[in-house]
Amino acid sequence: MSDIIPPPEVIYVDAHKVACNGGGGALGHPLTYYDLGEDGTAECGYCDRKFVHKDHAHDYVDPAPRPEGDH
Ligand SMILES: [Zn+2]
């Protein structure tokens with residue numbers, strides 16, 4: 001559990017479709033479109049960037065405290 005490599009760059013979006021070209025330049029790759037799935041995430045097969053819909057971002061960023069009794 002302690003040797004897990006941190007995931008690559010995560011990009012938060014508010015659309016269900018994203019386009020990635022790796023940022024252009026030497027690190028770029030052909031412009032590719034991805035649909036965010038039911039879980040609101042997509043991963044770029046070229047540059048390993050991960051796209052996360054903002055509605056799902058609470059799973060990945062420091063959230064506001066969840067309401068008590070949400071369980
Ligand atoms: Zn990419």
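Residues numbered from 1 in each chain as written. Predicted model: local features only at pLDDT ≥ 70, side-chain atom pairs only at ≥ 80, totals over all residues.

Undergrad: How do you make sense of the sheet that holds strand β5 (residues 50-53) when you look at a structure like this?
TA: Pairing between the strands of a sheet comes from backbone hydrogen bonds, and it takes one of two forms, parallel or antiparallel. Read from one edge of the open sheet, three strands run β1-β5-β4, paired in mixed fashion. Looking at which strands have only one partner, the edges of the open sheet turn out to be β1 (10-13) and β4 (41-43). Across this sheet, the average inter-strand angle for adjacent strands is 20°, counted without regard to direction. Examined bridge by bridge, β1 and β5 share four bridges and lie parallel to one another. (Pairing = 2+ DSSP bridges. Helix = DSSP H or I, 4+ residues; strand = E, 2+ residues; numbered from the N terminus. Axes fitted to C-alpha atoms, helices over the stretch in contact; angles between N-to-C directions.)

Undergrad: I would appreciate a short explanation of the pairing of β5 in the present structure.
TA: A regular strand places its side chains on the two faces of the sheet in alternate fashion. Pairing analysis gives three bridges linking β4 to β5, with the strands arranged antiparallel. Residue pairing across strands places T41 opposite V52, the latter belonging to β5. Count of turn residues in the β4/β5 antiparallel hairpin: six residues, of which D48 carries a positive phi of about 65°.

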